[in-house]
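Survey of secondary and tertiary structure
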Amino acid sequence: MPDPMPPFHRIEDLPPLAGQSVTTRGWVMTTRSSGKIGFVTLRDGTGYLQVVLSKKDVPEAAWDAFGRLTQETSLEVSGMVRADARAPGGVELTASDVKVIGPSVDFPITPKEHGTAFLFEHRHLWLRSRRQVAIARVRDEVVQAIRDFFYERHFVLVDTPILTGAIGEAAGHLFATEYFDLGTAYLAQTGQLYVEAAAAALGKVYCFGPTFRAEKSKTRRHLTEFWMVEPEVAWNDSDANMQLQEEFVCHIVSRCLERRRAELAELERDVKPLEAVRSPFPRISYTDAVAKLTALGSAIEWGRDLGGEDETLLAKQYDRPVMVFNYPKAVKAFYMKENPADPRTVLNNDMLAPEGYGEIIGGSQREDDYDKLLARIRAEQLPEDAYSWYLDLRKYGTFVHAGFGLGVERTVAWICGIAHIREAIAFPRTLYKLWPFVPQPVQVSQTGTPEIDSALLGEPFDRLEAARELGVRPLQRRARIDGQLARQVDDRK
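Residues numbered from 1 in each chain as written. Predicted model: local features only at pLDDT ≥ 70, side-chain atom pairs only at ≥ 80, totals over all residues. Heavy atoms only, no water.

1. A short note on the nonpolar core
Our working definition: Take the buried residues of types Ala, Val, Leu, Ile, Met, Phe, Trp, Tyr and Cys, join any two whose side-chain atoms come within 4.5 Å, and each joined set is a nonpolar core. Think of it in three bands: residues with accessible area under 20% of the maximum for their type are buried, residues over 50% are exposed, and the middle band is partly exposed, with areas taken using a 1.4 Å probe on protein chains only. Counting from the N terminus, the helices are the DSSP runs of H or I reaching at least four residues and the strands are the DSSP runs of E reaching at least two. Throughout, a residue-residue contact means that at least one pair of heavy atoms, one from each residue, lies within 4.5 Å.
Among the nonpolar cores identified, the biggest contains 45 residues, and I146, F248, V249, W414 and I415 are the most heavily contacted of them. Within the residue set of this core, elements represented by two or more residues are α4 (130-152), β10 (204-212), β11 (225-234), α6 (238-259), β14 (348-353), β15 (358-365), β16 (401-407) and α13 (408-416). Those residues in contact with I146 that lie beyond four places of it in its chain are F208, V229, F248, I252, L406 and V408. One finds L14, L53, A62 and A95 within the second-largest nonpolar core, a separate group that totals 22 residues.

The structure is reproduced here in structure tokens:
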């Protein structure tokens, strides 16, 4: 076995070690020199560090290595930690030796301005920038705050399937695939129906994972793959559901303000709007919202869902998230509870974030009446057999229950103050973006039958088109690639 790497310290561990000799590792951000003194800004994912080299105090090889350093070269640096209040983290490193671990030639993302298309084409490298690191850390804090909120309130995490035969909303917004001999399966757009079943067993539950929607939307608020957290609570009605949402969002925002001030400052986020996020949130019925929007110049009519522009216009009237409740039944999903006071509407709500970020939560009290739910399933022309298990929840001890879904990327975009949701996740999936991805090779079974792990990709790749082009004209390319794969299988035989 190879010898283990010698011990080292991460940058975040250095402040208490002032006056001590250490070794650290990281990547070069910038270098500069003033004669016989050199400066390197180093990052390692935990922090940023200024390294100072004096030509007379380091080996000749180390000084020569410094002269050849380029952006994103990986280094091992040894030296003395010195306290400096002006430096990031309050310390800098006076180097005694420098060793190059991995050179970096012509790193494509230079300090100059680059276009958005170029940056997303190099997303795997753009993640290293200060801005993207700050966004990633805020996202991590949001995710941890979500988990802590529910754990502290004795919710149970339930992992729901990604492949499903039942759907929560319109089938036209689903990615479909053939599932062996069982017909069509879909990539889940929600885990809600499953956590409703779990709520009858555990009382307070939530699921948290990726969801998929095949909407051909090009707006800054939409992704085809995104993360959503969906709590479901037995014996909560719509009012209790909205109260839980309010506490939840206040918790997430205050947590980020408490622990991620430095990252928000890096993003130049004005935190005053976030500091205004506190209870109580304003609530307005859909009917009153339509009247308010009409008075503000919108062409919205009662019975239509609120569009992005309407949501932005309405949210501008408030300094914190606003809840719009009791939408028309015709524009909402089949599982929402009919409003006894106005059967044209359902007991639901959307939470709209301020500053133009739109809907971050959608929730409702669920229809707990067996006959009414069955009637809605039939009215929507959904397959009754696929929902027989869902109807069973009303057949065997029905109960009042409610829940909601919060979109992580929209929430992160709002808290960070970034213009487009695609920066809120490491590798966004949009209508025209499936890059970068991990190739899935052709495998041959013991019987010699080829098993293609992916409908789009195969091995070897030297005879296939450039992988990044697979998101364009997918049907034509699918047919062409399938033909290439078939020829490769023939060649192997």
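2. Looking at the packing of aromatic side chains
Selection criterion: Stacked, tilted and edge-to-face are the three classes assigned to paired rings of Phe, Tyr and Trp, where Trp is represented by its six-membered ring and a pair needs centres within 6.5 Å; plane angles under 30 degrees give stacked, over 60 edge-to-face, the rest tilted. Here, over-ring charges are defined by two tests on the NZ atom of lysine or the CZ atom of arginine: distance to the ring centre within 6 Å, and angle to the ring normal within 35 degrees.
Scanning the model with the defined rule gives 18 aromatic pairs in all. Ring geometry for Y179 against F180: centres 5.1 Å apart, planes inclined by 70°, an arrangement best described as edge-to-face. Classification of F180 as exposed rests on a relative accessible area of 71%. With a centroid separation of 6.2 Å and an interplanar angle of 75°, the aromatic rings of F334 and Y390 are classed as edge-to-face. Note that F334 is positioned in the loop between β13 (322-325) and β14 and Y390 in helix α12 (residues 388-395), a separation of 56 residues in sequence. Pair check on accessibility: F334 and Y390 agree, each one buried. Members of the aromatic cluster, joined through ring pairs, are F149, F150, F155, Y206, F248 and F404. Just above the ring of F39 sits the side chain of R32; from NZ or CZ to the centre is 4.1 Å.

3. Focus: the pairing of strand β9 (residues 184-187)
Convention followed: Two strands are counted as paired when DSSP detects at least two bridges linking them.
Bridge count between strand β7 (residues 163-164) and β9: two bridges; the pairing is antiparallel. Bridging from a neighbouring strand, L163 pairs with L187 of β9. Pairing geometry for strand β8 (residues 176-178) and β9, over three bridges, is antiparallel. Residue pairing across strands places T177 opposite A185, the latter belonging to β9. Remark: five residues form the turn of the hairpin made by β8 and β9, two consecutive strands paired antiparallel; F180 in that turn has positive phi of roughly 50°.

4. Here's the deal with the sheet that holds β11
Either a parallel or an antiparallel arrangement is found when strands of a sheet pair, and the pairing is made through backbone hydrogen bonds. Read from one edge to the other, the open sheet built from eight strands follows the order β6-β10-β11-β16-β15-β14-β13-β12, with strand pairing classed as mixed. Two strands lie at the open edges of the sheet, namely β6 (156-157) and β12 (283-285), each paired on one side alone. Bridge count for β14 against β15 is six bridges, and the pairing is antiparallel. Residue L352 lies in a different strand from β15, and its bridge partner there is E359.

5. Let's talk about the environment of A200
If you trace the backbone, A200 turns up in helix α5 (residues 192-202). Counting along the chain gives 34 residues from A200 to A234, while the straight-line C-alpha distance between them is 6.6 Å.

6. Quick notes on the sheet that holds strand β3 (residues 48-54)
Short version of the rule: For every element, the axis is a line fit to its C-alpha atoms; helices are fit only across the contacting stretch, and the angle between N-to-C directions ranges from 0 to 180 degrees.
Taken in spatial order, the five strands line up as β1-β2-β3-β5-β4 and close into a barrel, and their pairing is mixed. Sheet twist, expressed as the mean angle between neighbouring strand axes with direction ignored, is 55°. Pairing analysis gives two bridges linking β3 to strand β5 (residues 91-102), with the strands arranged parallel. Each bridged residue has a counterpart across the sheet, and for V52 the counterpart in β5 is T94. Those strands touched by helix α1 (residues 60-67) are β1 (21-34), β2 (37-43), β3 and β5, and its axis lies near 65° from that of β2.

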